[in-house]
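Reading the structure
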Amino acid sequence: MGTISILLEREINGFRASVLGLPDCQAQGVTREDALSNVQKALSKRLESAEVVTIPLDSFSLPKLAGLFKDDPQWNEFQAAMASYRQEVDAELEAEYLQSDQPSSVA
């Protein structure tokens, strides 16, 4: 039997479980176990009317893509913009995670 990776996130009212690779397949629960059980049910229901197949990849088409943008004058600019955006997103996520780790004060 195979396994599947689930992203389990703590939220204000419990937990959210998301199937990695299927961002629209997720469920919530008050407890960790509830969320995992609910996402298993959601995935099972989805797979009732779906099928996972593999198809051959034409190995000769991939080498044709190598170096496709090497002469594009905007390629370096695009890469720099992507790196900058990734740093912004990483900083936002880190701040969010640090904030979620802080104990909440109830007055």
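Up top you'll find the structure we're talking about.
What comes next concerns the included structure. Given the structure is predicted, the values throughout are model-derived calculations rather than measurements.

Turning to the overall build of the protein, a few remarks are in order. Helix and strand counts for the protein come out as three helices and three strands. Traced from its N-terminal end to its C-terminal end, the protein shows the element sequence β-β-β-α-α-α. Against the globule reference of 13 Å for 107 residues, the protein gives a C-alpha radius of gyration of 21 Å, more extended than a compact globule. For the protein, the spread of C-alpha atoms along the principal axes amounts to about 60 × 45 × 20 Å. Burial statistics for the protein: of 107 residues in total, 11% are counted as buried. Partitioning the contacts of the protein with sequence separation of at least 6, the portion at a separation of at least 24 is 12%. Accessible surface, the protein: about 9,700 Å² in total, of which carbon and sulfur atoms supply 56%. A gap of 7 Å separates the mean positions of the 9 positive and 17 negative side-chain charges of the protein.

Relative to the helices and strands, Ser18 resides in strand S2 (residues 14-19). Look past the residues within four positions of Ser18 in its chain and what remains in contact with it is Ser5, Ile6, Leu7, Glu9, Cys25 and Gln26.

Conventions we followed
Residues numbered from 1 in each chain as written. Predicted model: local features only at pLDDT ≥ 70, side-chain atom pairs only at ≥ 80, totals over all residues. Heavy atoms only, no water. Helix = DSSP H or I, 4+ residues; strand = E, 2+ residues; numbered from the N terminus. Rg over C-alpha atoms; globule rule 2.2 N^0.38 Å. Buried < 20%, exposed > 50% of the residue type's maximum accessible area, 1.4 Å probe, protein only. Contact = heavy atoms within 4.5 Å. Areas by Shrake-Rupley, 256 points an atom, 1.4 Å probe, with all protein chains shown as cover. Lys, Arg positive; Asp, Glu negative; His and termini not counted. Charge placed at Lys NZ, Arg CZ, Asp CG, Glu CD.

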